[in-house]
Amino acid sequence: MTIAVLLKQVPDTTAKITVSNGRVDENAVSKWSFSPYDEYALEAALQLKESMGGELVAITAGPARCEKLLRDAAAVGADNLVHISAENINDFDSTQMQKLLAAAVEKSGSSVVFCGKQAADTNSGSTGPGVAELIGASCITMVSEVISDSGGYLATRPSSSGHEKVAVSAPCVFAFDKGVVEMRRPNVRGIMMAKKKPIETWSIEELGLDLGTSGISIDSHSPPAEKPPGQKFEGADSVSTVVGKLRDEANVI
Amino acid sequence: MPYEALDFYDVDSLLTEEERMVRDMVRDFVDQDVIPNIEHACREGVFPDEWRVTLGEMGVLGAPLEGYGCPGLSYTAYGVICRELERGDSGLRSFASVQGSLAMYPIWDFGSEEQKQNYLPKMASGEWIGCFGLTEPDYGSNPGDMITKAEDMGDHYLLNGAKMWITNGTIAQLAVVWAKLDGVIRGFIVEKDDPGFSAPEMKGKHSLKASVTSELVFQDCKIPKDRILPGVKGLRGPFSCLNNARYGISWGAVGAAQACFDSAKEYSLSRIQFTHPIASYQLVQNKLAWMLREITKAQLLAYHLGQKKDAGTWIPEHISLAKMNNVDIALEIAREARDIHGANGILDEYCIMRHMANLESVKTYEGTHDIHNLIIGRHITGIQSFTREL
Ligand SMILES: Cc1cc2nc3c(=O)[nH]c(=O)nc-3n(C[C@H](O)[C@H](O)[C@H](O)COP(=O)(O)OP(=O)(O)OC[C@H]3O[C@@H](n4cnc5c(N)ncnc54)[C@H](O)[C@@H]3O)c2cc1C
């Protein structure tokens, strides 16, 4: 059995983001990392593979810099690495992205797909359900854990009562929220093996896709509003003002 | 604030992808497991056993050694590992240096096939800890005059003497001990339970508090004949181990300096005095600029030495220069960083004072600062000045 994990490389949460001419300046991003929910998906997929055997294929779409992400995935245990090479990933809308990923999932022969519930940069949250739709799979969202269970899978997700366990059989897609286990740290042996692993690069043409033209386009990016400066109060006289502000403006008391 | 490693000249871009992955792995370990626990470990005066386990799991012990379950990384990667560990704490790096360069290395290079097969895999995995006994109470900088001796008793060796200042001693399962057999320095493997051997811990350190330092005492200590390291005689044995450990220290010191710089930079930007951040004052900027300058030079020194180690074109004097310089500037940077932190600099809320106190040991062990000057002086002039007997 082949398990696919969809991984997106995003600016590290600690990296400073600069916007110039209405666009995020990618060249100014000092560090790229796994999107955090994808890390949980990858760890859960590794554990599932370890419990039932099979192969794990890590799939990412994006420019050449994404190969680092695949090497990192290989270092923790991904067996096969697929890079859908697309320099202009930001020009695709969510539907086009899903088409790309769905085609790669099908080409890889995977029947179980893990991904994050949303990417840390675009946050659209549509990849899991969208890919599931295209490959005709069941989709479970907000998953924190997956185990194999009598030929199928049991996924844990939130419910009105706290948690629910949902039984599903392949083909299926699990879109991960914060999982129960953090992604494992690689070790030297994994890193050395990762170096030797080939990366399969698939172009959009090789996937036989016509992505069509997008009906939407991003007009501009803008940075979050600057935090308003702090206010300073001194002396006993200002106690009532501070209490008032804490109650009415900050809503903390 | 997450740690940002100063790399002004982007020296890490010269590393291979594999070396960078190893760096990220160790840096993550230090962020997640070491930094949150180091002050507690120092206060208790213990080396947390979980760190031993994780170092073994990561597979970084004995980094540049190949075969027998050892990682087989480049010397440059070994340097990077030391740098990242020492960014956490010099005691942590000391543990790894002693295990890899001082205990595993002599077995790997001078041991018999059986010794290698018996000890190296479990030392690489961290299951067994090793220590290195060279220094004696009366013989530090001149170990050649050591008194610990071994006698050939026919079917076993008998060791008598005492070693002092031995990192990992009390927690080790194995000690590589240097002793004189018929007046010639030889290496012996002593196991924890060998009769006549004890390793009491030395207490009261103000430096390297998260590292265990011990005496090794041999009172008619009886060890089997197959525990002598067959492959080396004389001071070349311990000195080849020290070359590797000193090389690692030259990288490690950069890590400690980077940690102090990072803290000083952040602190100076947020500390307001006379209505402005102290970072806006020229005297403080001068200190930060000096730190950046020295760290950048030290990084280049360490990296180039790593390349020479990997290419096999190094001489011991190259290592002396890097060890001496990089520890020296790291200690000075720690002191300047302490100054920038004002009174806060003495608190264990910041890493500064801990690094500073640690680096005092690092300056002394593995050849004191001045012994390295003498090594370089001899190289320049051809005249040794360690002793007056010319
Ligand atoms: C925390 C810690 C851990 C250690 N771990 C180990 C270990 O695991 N294994 C081990 O074997 N040893 C270990 N050591 C010992 C260390 O290697 C010695 O302390 C070091 O070699 C210096 O020896 P010494 O302390 O006897 O100082 P000394 O040799 O007495 O030196 C004192 C001073 O005299 C100077 N000096 C000495 N000779 C000369 C000279 N000819 N000319 C000019 N100046 C000179 C020195 O530079 C120094 O400033 C450790 C030490 C410490 C502090």
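Residues numbered from 1 in each chain as written. Chains lettered and ligands numbered in written order. Predicted model: local features only at pLDDT ≥ 70, side-chain atom pairs only at ≥ 80, totals over all residues. Heavy atoms only, no water.

1. Some words on the site of the ligand
All names here are of chain B. Not every one of the 18 residues close to the ligand is listed here, only the nearest: Thr135, Ser141, Trp165, Thr167 and Thr368. With respect to the ligand, the side chain of Thr368 contributes an N or O atom lying 2.6 Å from an oxygen atom. For the ligand, a nitrogen atom lies 2.9 Å from a polar atom in the backbone of Phe386. The protein chains hide 68% of the 970 Å² of surface that the ligand would expose on its own. Mapped onto the shell around the ligand, the elements with two or more residues apiece are strand S5 (156-167), helix H10 (352-364) and helix H11 (369-381). The residue makeup of the shell around the ligand, split by class, is 9 nonpolar, 7 polar and 2 charged. Each of domain 2 (130-227) and domain 3 (236-381) contributes no fewer than three residues to the shell around the ligand. (Near = heavy atom within 4 Å. Polar contact = N/O pair within 3.5 Å; in protein donor to acceptor, adjacent residues only side chain to side chain. Areas by Shrake-Rupley, 256 points an atom, 1.4 Å probe, with all protein chains shown as cover. Helix = DSSP H or I, 4+ residues; strand = E, 2+ residues; numbered from the N terminus. Nonpolar A, V, L, I, M, F, W, Y, C, P; charged D, E, K, R; others polar. Domains from an automatic or database assignment.)

2. A short note on the sheet that holds strand S11 (residues 152-159) of chain A
All names here are of chain A. The 3 strands lie next to each other as S10-S11-S12, forming an open sheet whose pairing is antiparallel. Among the strands making up the open sheet, the edge pair consists of strand S10 (145-149) and strand S12 (162-168). Neighbour-to-neighbour, the strand axes of the sheet open up by a mean angle of 30 degrees, direction not taken into account. Judged from the 5 bridges that link them, S10 and S11 form a sheet pairing that is antiparallel. Bridging from a neighbouring strand, Asp149 pairs with Gly152 of S11. Where helix H1 (residues 36-52) meets the sheet, its contacts fall on S10 and S11, and the angle it forms with S10 comes to roughly 20 degrees. (Pairing = 2+ DSSP bridges. Axes fitted to C-alpha atoms, helices over the stretch in contact; angles between N-to-C directions. Contact = heavy atoms within 4.5 Å.)

3. Things to note about the sheet that holds strand S8 (residues 112-116) of chain A
Residue and element names in this part refer to chain A. Judged by pairing direction, the sheet is parallel, and its 7 strands sit side by side in the order S9-S13-S8-S1-S6-S7-S14 without closing on themselves. Each of the sheet's edge strands pairs with one partner strand only, and the pair in question is strand S9 (138-143) and strand S14 (199-202). The average undirected angle you get between the axes of adjacent strands in this sheet is 20 degrees. Across 4 bridges, the pairing between strand S7 (residues 80-85) and S14 is parallel. Within S14, the residue paired with His83 across the bridge is Thr201. This element, H1, spans strand S1 (2-6), strand S6 (55-62), S8 and strand S13 (172-176) of the sheet and lies at about 150 degrees to S8.

4. Quick word on a nonpolar patch on the surface
A grouping of A:Val239, A:Val243, A:Leu246, A:Val252 and A:Ile253 is seen on the molecular surface, where their side chains present a nonpolar patch of about 420 Å² in accessible area. Along the polypeptide, A:Val239 turns up in helix H6 (residues 239-248). (Patch = residues over 30% accessible without salt bridge, like charges linked within 9 Å, V, L, I, M, F, W, Y side chains within 5 Å. Salt bridge = Lys/Arg side-chain N within 4 Å of Asp/Glu carboxyl O.)

5. Some details on the pattern of salt bridges
Working definition: two side chains of opposite charge can pair if their charged atoms are close together. Per the stated rule, a full pass over the model turns up 37 salt bridges over all chains. With a shortest N-O distance of 3.1 Å, A:Arg157 and A:Glu164 are connected by a salt bridge. The shortest N-O distance in the salt bridge between B:Glu86 and B:Arg93 comes to 2.4 Å. A relative accessible area of 0% means that B:Glu86 is categorised as buried. Residues joined in a network through salt bridges with shared partners are A:Lys68, A:Asp72, B:Asp12, B:Arg23, B:Asp24, B:Arg27, B:Arg83 and B:Glu84. (Buried < 20%, exposed > 50% of the residue type's maximum accessible area, 1.4 Å probe, protein only.)

6. Brief notes about the interface of chain A and chain B
Quite often, the size of an interface is put as the accessible area lost when its parts meet. The partner chain B presents 19 residues to the 13 residues of chain A that form the contact. Between chain A and chain B, the buried area comes to about 1,200 Å², and carbon and sulfur atoms account for 63% of it. Contact with chain B buries area across many residues of chain A, yet A:Arg185, A:Val188 and A:Ile191 alone supply 51% of it, more than any other trio. Here chain A is connected to chain B by 5 salt bridges. Linking chain A with chain B are 4 residue pairs in polar contact (both at pLDDT 80 or more). Of all elements in the fold, only helix H2 (67-76) and helix H5 (188-196) of chain A reach the threshold of two or more residues within the side of chain A that touches chain B. At 5 residues, H5(A) tops the list of elements feeding residues into the side of chain A that touches chain B. For the side of chain A that touches chain B, the residue count by class is 6 nonpolar, 2 polar and 5 charged. (Buried area = accessible area lost by both parts, 1.4 Å probe.)

7. Some details on the packing of aromatic side chains
The full count for this structure, using the stated rule, is 15 aromatic pairs over all chains. Ring geometry for B:Tyr78 versus B:Tyr247: centroids 6.3 Å apart, planes at 40 degrees, classification tilted. With B:Tyr78 in helix H4 (residues 75-88) and B:Tyr247 in helix H7 (residues 236-270), this pair connects stretches of sequence that are 169 residues apart. When the ring of B:Tyr267 is compared with that of B:Tyr350, the centres are 5.7 Å apart and the planes differ by 90 degrees; the resulting orientation is edge-to-face. Residue B:Tyr267 is located in helix H7, and its partner B:Tyr350 is located in the loop between helix H9 (316-340) and H10; the two are separated by 83 residues in the primary sequence. Side by side, B:Tyr267 and B:Tyr350 carry an identical accessibility label, which is buried. Among the aromatic side chains, those forming a connected cluster through ring pairs are A:Phe114, A:Tyr153, A:Phe174 and A:Phe176. Sitting over the face of the ring of A:Trp202, A:Lys107 holds its NZ or CZ atom 4.5 Å from the ring centroid. Looking at B:Lys309, its charged tip hangs above the ring of B:Tyr247, at a distance of 6.0 Å from the centre. (Phe/Tyr/Trp six-rings, centres within 6.5 Å; stacked < 30°, edge-to-face > 60°. Lys NZ or Arg CZ within 6 Å of the ring centre and 35° of its normal.)

8. Concerning the domain arrangement of chain B
Residue and element names in this part refer to chain B. The domains assigned to chain B are domain 1 (11-124), domain 2 (130-227) and domain 3 (236-381). Summarising the inter-unit geometry, the C-alpha centres of domain 1 and domain 3 are found 20 Å apart. The interface is formed by 28 residues belonging to domain 1 together with 34 residues belonging to domain 3. Surface buried jointly by domain 1 and domain 3 totals about 2,500 Å² across both partners, of which 59% is contributed by carbon and sulfur atoms. Among the residues of domain 1 in contact with domain 3, Val11, Tyr75 and Arg83 are the three that bury the most area, contributing 23% of the side total. Seen at the junction of domain 1 and domain 3, the total is 3 salt bridges. With a shortest N-O distance of 2.9 Å, Glu39 and Arg354 are connected by a salt bridge.

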